[in-house]
Amino acid sequence: AQTVTQSQPEMSVQEAETVTLSCTYDTSENNYYLFWYKQPPSRQMILVIRQEAYKQQNATENRFSVNFQKAAKSFSLKISDSQLGDTAMYFCAFMRGQGAQKLVFGQGTRLTINP
Amino acid sequence: NAGVTQTPKFQVLKTGQSMTLQCAQDMNHEYMSWYRQDPGMGLRLIHYSVGAGITDQGEVPNGYNVSRSTTEDFPLRLLSAAPSQTSVYFCASSRLQGPEAFFGQGTRLTVV
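Conventions used here
- Note that residues are indexed from 1 along each chain, following the sequence as it is written.
- Chain A is the first chain written and ligand 1 is the first ligand written, with later ones labelled in order.
- For a predicted model such as this one, the threshold for reporting local features is a pLDDT of at least 70, and the threshold for listing and counting side-chain atom pairs is 80 or more; totals across whole chains, interfaces and linings nevertheless cover every residue.
- Values shown for side chains rest on all heavy atoms present in the structure; no hydrogens or waters enter the calculation.
- Here is the rule: rings of Phe, Tyr and Trp (six-membered ring for Trp) pair when centre to centre is within 6.5 Å. Planes less than 30 degrees apart are stacked, more than 60 are edge-to-face, and the remainder are tilted.
- Per the convention used, a helix needs a DSSP run of H or I reaching at least four residues, while a strand needs a run of E reaching at least two, with both numbered from the N terminus.
- Throughout, exposure labels follow a simple rule: accessible area from a 1.4 Å probe, protein chains only, divided by the maximum for the residue type, with under 20% read as buried, over 50% as exposed, and the rest as partly exposed.
- By definition, being over a ring means that NZ of Lys or CZ of Arg is both within 6 Å of the ring centre and within 35 degrees of the ring normal.
- Whether two residues are in contact is decided by their heavy atoms: any pair within 4.5 Å suffices.
- What makes a salt bridge here is a side-chain nitrogen of Lys or Arg within 4 Å of a carboxyl oxygen of Asp or Glu, nothing more.
- Think of a polar contact as two N or O atoms within 3.5 Å of one another; within protein, one of them needs to be a possible hydrogen donor and the other a possible acceptor, and neighboring residues in sequence only count if both atoms come from side chains.
- Counting rule for disulfides: a pair of cysteine sulfur atoms within 2.5 Å.

Enquirer: How should the packing of aromatic side chains be read in this particular structure?
Expert: Per the stated rule, a full pass over the model turns up 16 aromatic pairs over all chains. Aromatic side chains Tyr 25 of chain A and Phe 94 of chain A sit 6.3 Å apart centroid to centroid with 35 degrees between the ring planes, which places their arrangement in the tilted category. Of this pair, Tyr 25 of chain A sits in strand E4 (residues 24-26) while Phe 94 of chain A is found in strand E10 (residues 88-96), placing the two residues 69 residues apart along the sequence. Its relative accessible area of 5% is what places Tyr 25 of chain A among the buried residues. Aromatic rings pair up to connect Tyr 33, Phe 35, Tyr 37, Phe 91 and Phe 105 of chain A together with Tyr 35, Phe 90 and Phe 103 of chain B into one cluster. Looking at Arg 43 of chain A, its charged tip hangs above the ring of Phe 10 of chain B, at a distance of 5.1 Å from the centre.

Enquirer: Would you mind going over the interface of chain B and chain A with me for this structure?
Expert: Often, the extent of an interface is quoted as the loss of accessible area on bringing the components together. Contact with chain B, which involves 28 residues of that partner, is made by 19 residues of chain A. Taken together, the connections running from chain B to chain A amount to 0 salt bridges. Taken together, chain B and chain A are joined by 8 residue pairs in polar contact (both at pLDDT 80 or more). Listing elements by their share of the side of chain B that touches chain A, those giving two or more residues are strand E4 (31-38), strand E5 (42-51), strand E9 (87-94) and strand E11 (107-111) of chain B. Tallying contributions element by element places E5 of chain B first for the side of chain B that touches chain A, with 5 residues.

Enquirer: Whenever I open this one, the state of the cysteines confuses me. Can you help?
Expert: In protein chemistry, a disulfide is the covalent bond that joins the sulfur atoms of two cysteines. All names here are of chain A. Following the criterion strictly, the structure yields 2 disulfides over all chains and no others. A sulfur-sulfur distance of 2.0 Å marks the disulfide that ties Cys 23 to Cys 92. Its S-S torsion of about -70 degrees marks the bond between Cys 23 and Cys 92 as left-handed, since a negative value means left-handed. Here the residue Cys 23 occupies a position in the loop between strand E3 (19-21) and E4, and Cys 92 occupies one in strand E10, the gap between them amounting to 69 residues. Per residue, the accessibility class of Cys 23 equals that of Cys 92, and both read buried.

Below is the structure:
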């Protein structure tokens, strides 16, 4: 069974700073996807970024980028030039590349951006 | 474009009561699933379906029933609510080949 671990329950940074959220996972699969989801106070689950395991290049979406270390089974999220609107819960998630699209989530990291 | 619609958004139940959480999607997605979110535990899979008439259990299925009679709808039934089922429930859908999942806005359920 796959497991996803987020070891930082809470983080807090000043606006415009860079922050990195950590995520590790355990799997015997070779073909899989990794995701970061954002959950603001509205409760909506918003996909931030996605990484395919077969791609060596780290995914980037504007101010959001990942550091994907496949051998170490590590998948961290870096938020550059943080904004007040980035305040949210962030979840790391794993999905097998084949079969039913079941997501396995980490425990979440509550990120607060201070003005 | 509605996406994934969950109703209700909030619900309070008494222990032993039954209710159905509704989930509908208009994207013709084959795969639908239900998750529950609890503090410190992330989201955990309750049940899922890969198409009409096909359902299977996830990580935490006890106390919940599902059925899938149409591609669009995937209701979650609590037969006899317990305080341990107090949680936020999310419905999600995706194409079978994935990988992006689309989530509803969630239902906050309190069982007293």
